[in-house]
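# Residue-level structure breakdown
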Amino acid sequence: MLNWNTSHLLCGCCLLLVLVRVSGHTGKKGAKEQIVPQGVPTGYSEVQRQLEAFTDLSKQYWHYISCRLWQEDCVKEESESLQGWSLALMGQDYLKILANWYCSISTCCETGDCRISNNITGLKLDLSRRLHGQHLTQEVVLKAVQNFLQLQQPEKALTLSFHGWSGTGKNFVARLIAENLYRDGMKSACVRIFISQLHFPHTSYLDSYKVQLKRQLREIIGRCKQPLFIFDEAEKLHVDLVDALKPYVDHSDDAGEDYRNSIFLFLSNIGSNAINEVARNFWRAGRQREEITLEDLERPLRAEMSSATGSGFAHSQLFTSGLVDFIVPFLPLEYEHVKLCARDVFIAQGLPYTKEMLDEVARMMIYVPKEERLFSAQGCKSVSQRINYFVS
Ligand SMILES: *[C@@H]1O[C@H](CO)[C@@H](O)[C@H](O)[C@H]1NC(C)=O
């Protein structure tokens, strides 16, 4: 048996989890319409209203959702005791305190789903301070995400394809988006990353991958109305797999549920030669890299993509029929950018550093092309490992 304190604590936590669950939940249609108020809940009174609504929940439904949310604990010891008490016993004061506390610790409530924070200010700040050498990415990503989130009802899912060499920040930007749009960042129940080599390695299993992929999309849209899907190593995705995503990106009836509030990111190195060539030509002409515009890059990038044999993504209908809203180029990084990455790592790890140490780390990287040694071949990748080696 649990003592009084423990069970009250549990009770509070369960309620929170239920709130989290139901406010973003679209799976159980009937239940949802009953208990989740329509429209966007705002602030404290809404939370309290939702909490009150839960007192009417049947024990069975309560148990079902609490177990789905809180699997380990529930399965281990709570299942019996949870069934043993009734929510209706909780007084109004208790609910008020709980709602108060809940809103004080979370940044939720404005979006109607406490897991979704949609912090554009934070995204803007992160893109300008933590991402180095990518003036185009900063601008395009911010504008695309901001405009998308402002729409009452988007026509289709926001779809961005990130292009560039490894280590230039594609994964990093995907993470910044996740961290600013979702309370739990990459760990959020709303965020799912698919890595081609890891999740879809063998072409012979293509049919089963397609089934799995669709099932996972359905699962996530079932528990989160604004999901973020990240496809890493998109250049290695089979063309059929990419096109299996088309109905979800394009808001077609085949998708079943409404995916229009979703965000799809495709990360690949396709087109990076074209990007690097443009950057190199600017340097040779004595021009600033910040002068490079999207227009300068788009044509060569698309040309390289259309000639990229063996890349399913480049030849997918999803890409060629214009379902990708923005092409986001990542420029190759120079010596100075590697130093900035090194500085960030020192700061993040709480290690003291000097200018000489940053130079030393940056000098450890290999720079290409042979003649000019302009760009770090691995971008900022493995900078932290090098620093660990350096300080140990
Ligand atoms: C948004 O992000 C900024 C910068 O990280 C932070 O200071 C602010 O508290 C965040 N706002 C919300 C509502 O989370």
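Described in the following lines is the structure provided in the data block. (Residues numbered from 1 in each chain as written. Predicted model: local features only at pLDDT ≥ 70, side-chain atom pairs only at ≥ 80, totals over all residues. Heavy atoms only, no water.)

## A few points about the pairing of strand β3 (residues 228–232)
- Summarising burial for β3: five of the five residues are buried, a large majority.
- Alternating positions in β3 separate into two faces, Leu 228, Ile 230 and Asp 232 on one and Phe 229 and Phe 231 on the other, with burial throughout.
- By the bridge criterion, five bridges tie strand β2 (residues 191–195) to β3 in an arrangement that is parallel. Bridge pairing in β3 places Val 191 opposite Leu 228.
- Pairing of β3 with strand β4 (residues 263–268), which is carried by four bridges, proceeds in the parallel orientation. (Buried < 20%, exposed > 50% of the residue type's maximum accessible area, 1.4 Å probe, protein only. Helix = DSSP H or I, 4+ residues; strand = E, 2+ residues; numbered from the N terminus. Pairing = 2+ DSSP bridges.)

## Quick look at unusual backbone geometry
- Cis rather than trans, the peptide bond between Val 368 and Pro 369 has omega equal to -10 degrees.
- By secondary structure assignment, the location of Pro 369 is in the loop between β6 (367–368) and β7 (375–376).
- Within the chain, Asn 118 stands out as a residue other than glycine whose phi angle is a positive 40 degrees.
- Secondary-structure assignment places Asn 118 in the loop between α6 (92–105) and α7 (120–129).
- Phi is positive for Arg 373, which is not a glycine, with a value near 50 degrees.
- Within the secondary structure layout, Arg 373 lies in the loop between β6 and β7.
- A residue is classified by how much of its surface remains accessible, and Arg 373, at 57% relative accessible area, is exposed.

## What about the layout of surface pockets?
- Within this model, the second largest pocket holds a volume of roughly 830 Å³.
- Looking at the second largest pocket, it is lined by 33 residues, and the ones nearest its centre are Gly 167, Gly 169, Asn 171, Phe 172 and Cys 380.
- Elements represented by at least two residues in the lining of the second largest pocket include exactly α9 (170–181), β3, β4, α18 (335–348) and α20 (383–391).
- No other element matches α9, which puts five residues into the lining of the second largest pocket.
- For the lining of the second largest pocket, the per-class residue count stands at 13 nonpolar, 12 polar and eight charged. (1 Å grid on protein atoms, 1.4 Å probe; cavity = no way out; pocket = protein on both sides within 12 Å on 5 of 7 lines; lining within 4 Å. Points joined across faces, edges and corners; volume = space filled by probe spheres on them. Nonpolar A, V, L, I, M, F, W, Y, C, P; charged D, E, K, R; others polar.)

## A closer look at the sheet that holds β2
- Ordered by their spatial adjacency, five strands build an open sheet running β2-β3-β4-β1-β5, and the pairing between neighbours is parallel. Lying at the two open borders of the sheet, with one neighbouring strand each, are β2 and β5 (326–329). Sheet twist, expressed as the average angle between the axes of neighbouring strands with direction ignored, equals 15 degrees.
- This element, helix α11 (residues 206–223), spans β2 and β3 of the sheet and lies at about 165 degrees to β2.
- Of the strands in this sheet, β1 (158–163) and β5 are in contact with helix α15 (residues 294–307), which crosses β5 at around 100 degrees. (Axes fitted to C-alpha atoms, helices over the stretch in contact; angles between N-to-C directions. Contact = heavy atoms within 4.5 Å.)

## Digging into the nonpolar core
- One finds Phe 231, Phe 264, Phe 313 and Leu 318 to be the most contacted residues of the largest nonpolar core, which totals 43 residues.
- No other element matches α11, which puts six residues into this core.
- Residues contacting Phe 313, with those up to four places away along its chain left out, are Ser 161, His 163, Ala 234, Leu 237, Val 242, Phe 266, Ile 270, Met 305, Leu 318 and Phe 319.
- One finds Ile 116, Val 173, Val 191 and Cys 224 within the second-largest nonpolar core, a separate group that totals 31 residues. (Core = buried A, V, L, I, M, F, W, Y, C linked by side-chain atoms within 4.5 Å.)

## A word on the packing of helix α8 (residues 135–150) against α9
- As a packed pair, α8 and α9 sit with axes 12 Å apart at the nearest point and diverge in direction by 35 degrees. Between α8 and α9 lies a crossing whose hand is right-handed. Contact with α8, carried on its side by Thr 137, Val 141, Val 145 and Leu 149, involves Val 173, Ile 177 and Leu 181 of α9 and no other residues of that element.
- Its residues placed into classes, the contact of α8 with α9 shows six nonpolar, one polar and no charged. (Left-handed = near helix turned anticlockwise from the far one by under 90°.)

## Considerations on α18
- The terminal C-alpha atoms of α18 lie 20 Å apart, and with 14 residues this matches the ideal 20 Å at 1.5 Å per residue to within 8%.
- Among the residues of α18, those classed as buried are His 337, Val 338, Lys 339, Cys 341, Ala 342, Val 345 and Phe 346.
- Taken together, the buried residues of α18 touch α19 (355–363), β6, β7 and α20.
- Among the residues trailing α18, Gly 350 stands out with phi positive, at a value near 70 degrees. (Expected span 1.5 Å × (residues − 1).)

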